[in-house]
Amino acid sequence: MDDLTTRFWAELVGRTTGPMMFRFILQPLMAMFYAYRDGLLDARSGRPPYLFTILTEPAERTELLAHGIKSVSRVIVLGVMMDTIYQLFVLGGRFRPLELVVVLLLAFVPYLMFRGPFNRLARRRMHA
């Protein structure tokens, strides 16, 4: 088990350099674009900030998370394809599905973090 954990972390860190490292910039930027778009729509609709609502309103959590995943689904699919290519070519043809966690970190986490602040900024601009 220790060998698996060590290999997992070594391969995750290895992704930050070498081939396809551009996705560490591309995927978060695309996720932020979708967060911006959805944050503006939230502000126009008068909805509260996204992550705050997910954390404080259990009744709306599932629907909001599903909407967020749907919004960034293209980024997630692109990320899965890029990571699969990386694993097949760089890791010698081995595919490790658990290492796809990188895709969620690069695509969905920035979306979660930025949709609410974009909503707040848009509201301030609308009221000014």
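Throughout what follows, the structure given in this document is the object of discussion. (Residues numbered from 1 in each chain as written. Predicted model: local features only at pLDDT ≥ 70, side-chain atom pairs only at ≥ 80, totals over all residues. Heavy atoms only, no water.)

### Quick notes on the overall build of the chain
A tally of regular secondary structure across the chain gives six helices and zero strands. Of the regular secondary structure in the chain, the N- to C-terminal order runs α-α-α-α-α-α. Considering only C-alpha atoms, the chain reaches an extent of 55 × 30 × 20 Å along its principal axes. Taken over 128 residues, the chain has a buried fraction of 37%. Sequence separation of at least 24 residues holds for 79% of the intrachain contacts in the chain that already meet a minimum separation of 6. Put simply, the chain shows about 8100 Å² of open surface, and 71% of that area lies on carbon and sulfur atoms. Looking at charge distribution, the chain has the averaged site of its 16 positive side-chain charges lying 9 Å from that of its 10 negative ones. (Helix = DSSP H or I, 4+ residues; strand = E, 2+ residues; numbered from the N terminus. Buried < 20%, exposed > 50% of the residue type's maximum accessible area, 1.4 Å probe, protein only. Contact = heavy atoms within 4.5 Å. Areas by Shrake-Rupley, 256 points an atom, 1.4 Å probe, with all protein chains shown as cover. Lys, Arg positive; Asp, Glu negative; His and termini not counted. Charge placed at Lys NZ, Arg CZ, Asp CG, Glu CD.)

### A closer look at the nonpolar core
With 16 residues, the main nonpolar core has Tyr50, Val72, Phe108 and Tyr111 as its most contacted residues. Looking at this core, the elements that each hand over two or more residues are helix 2 (23–45), helix 3 (50–56), helix 5 (73–90) and helix 6 (101–127). At six residues, the largest contribution of residues to this core is made by helix 6. Apart from residues lying up to four places away in sequence, Tyr50 is in contact with Asp42, Leu64, Leu65, Gly68, Phe108, Tyr111, Leu112, Arg115 and Gly116. (Core = buried A, V, L, I, M, F, W, Y, C linked by side-chain atoms within 4.5 Å.)

### Quick word on the side chain of Asp42
The topology assignment puts Asp42 in helix 2. A residue is classified by how much of its surface remains accessible, and Asp42, at 2% relative accessible area, is buried. Residue contacts for Asp42: discarding those within four places in its chain leaves Arg47, Tyr50, Arg115 and Asn119.

### A short note on the packing of helix 4 (residues 58–71) against helix 6
Taken N-terminus to C-terminus, the directions of helix 4 and helix 6 make an angle of 120°; their axes are 10 Å apart at the nearest point. Comparing their axes, helix 6 and helix 4 come out oblique. By crossing handedness, the relation of helix 4 to helix 6 is classed as right-handed. Facing Leu65, His67, Gly68, Ile69 and Ser71 of helix 4, the residues of helix 6 in contact are Phe108, Tyr111, Leu112 and Arg115. (Axes fitted to C-alpha atoms, helices over the stretch in contact; angles between N-to-C directions. Parallel < 35°, antiparallel > 145°, perpendicular 65-115°, else oblique. Left-handed = near helix turned anticlockwise from the far one by under 90°.)

### Notes on the packing of aromatic side chains
For the structure shown, the criterion picks out five aromatic pairs. Look at Tyr50 and Tyr111: their rings are 5.6 Å apart centre to centre, the planes differ by 75°, and that puts the pair in the edge-to-face class. Here the residue Tyr50 occupies a position in helix 3, and Tyr111 occupies one in helix 6, the gap between them amounting to 61 residues. (Phe/Tyr/Trp six-rings, centres within 6.5 Å; stacked < 30°, edge-to-face > 60°.)

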